[in-house]
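Remarks on the overall topology
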Amino acid sequence: MTPERDTARERTPSGATASTRPRTRLDQPRPPRRRLLPEWDPEAFGRLSERIARFLGTGRFIVWMTVVIIAWVLWNVFAPGDLRFDNYPFIFLTLMLSLQASYAAPLILLAQNRQDDRDRVNLEQDRKQNERSIADTEYLTREIAALRIGLGEVATRDWIRSELQDLVKELEERQDGHGVFPAERSAGRDADDR
C-alpha cells in the first residue's frame, strides 16, 4: 500500500463506530478552551481568604469597624443636609454591614476548610510517624529480648570468676598433699556438673 492510501483510510472511518468528526490525537495536549468565567489560582485565593479571615478575627478590625460606624453615623446626623448621604434610618449603612457580613462568612469558612485540610495532613503524618515509632520500639524490644536470651547462654564474668576460684582452690588442695592434678579427674568433674 502506498502512503496516500493509508492517510485516506485514516480520514474515512467505516463500521459501527464511524463518525464524521475529525479524529483527535491522543499524543498531544488539547488546545485551551475559551472560558466565559475568569480563571484564578485557587491556592492564591485560599491564601487571600485566610489573610482576610485572620484580620477579621482581630481586635484591630473591631476597633476600625467601630470607628467607621461612629464616623458614618456622626457625619449623617451632624453634617449639613446637602452633604449627608445616608439619613436617619441609616439604610445604606445597614446594607454595607450586611454586604461585609455576606462576604466575611464564606471567606472565614474557606479559611477554616483550608485549616482542616492542613490539620488532616498533619494528623496523617503524625499517625505514620507514630506507627514507625511503634514498629521501631517493637523491633528494639525483640532485639533486647534476643540479647537477654543469648546472654543467658553465655558465660558471665561472675560465673567465670567463681569457676576459676574453685579451680584454684582445688589445685591448691591437690598440691598440698594429694598429688592428683585436675586433668586426671576432669571426667569425674564433668559428671558432677551435670
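Residues numbered from 1 in each chain as written. Predicted model: local features only at pLDDT ≥ 70, side-chain atom pairs only at ≥ 80, totals over all residues. Heavy atoms only, no water.

1. Here we look at a nonpolar patch on the surface
A surface patch of nonpolar side chains, about 810 Å² in accessible area, is lined by W75, L83, F85, F92, L95, M96, L99 and Y103. A total of 5 residues in the nonpolar patch trace back to one element, the largest contributor, which is helix α4 (residues 91-153). Inspection of the secondary structure puts L83 in the loop between α3 (59-78) and α4. (Patch = residues over 30% accessible without salt bridge, like charges linked within 9 Å, V, L, I, M, F, W, Y side chains within 5 Å. Areas by Shrake-Rupley, 256 points an atom, 1.4 Å probe, with all protein chains shown as cover. Salt bridge = Lys/Arg side-chain N within 4 Å of Asp/Glu carboxyl O. Helix = DSSP H or I, 4+ residues; strand = E, 2+ residues; numbered from the N terminus.)

2. Considering the pattern of salt bridges
As a working rule, side chains carrying opposite charge can pair if their charged atoms are close by. Within the structure shown, the criterion is met by 10 salt bridges. Across the salt bridge formed by R118 and E50, the nearest N and O atoms sit 2.9 Å from each other. Placement of the pair is R118 in helix α4 and E50 in helix α2 (residues 42-56), with a sequence separation of 68 residues. With its nearest N and O atoms 2.4 Å apart, the salt bridge here joins E124 to R127. With a gap of 3 residues between them, E124 and R127 both fall in helix α4, about one helical turn apart.

3. Some details on α2
Over its 15 residues, α2 runs 21 Å from end to end, which matches the ideal 21 Å to within 8%, given 1.5 Å per residue. Of the residues making up α2, those classed as buried are G46, S49, E50, A53 and L56. The buried residues of α2 occupy one face: seen down the axis, they fall within an arc of 125°. Opposite its buried face, α2 presents the exposed residues R51 and R54, each directed more than 90 degrees away. The elements touched by buried residues of α2 are α3 and α4. (Expected span 1.5 Å × (residues − 1). Buried < 20%, exposed > 50% of the residue type's maximum accessible area, 1.4 Å probe, protein only. Arc of directions from axis to C-beta. Contact = heavy atoms within 4.5 Å.)

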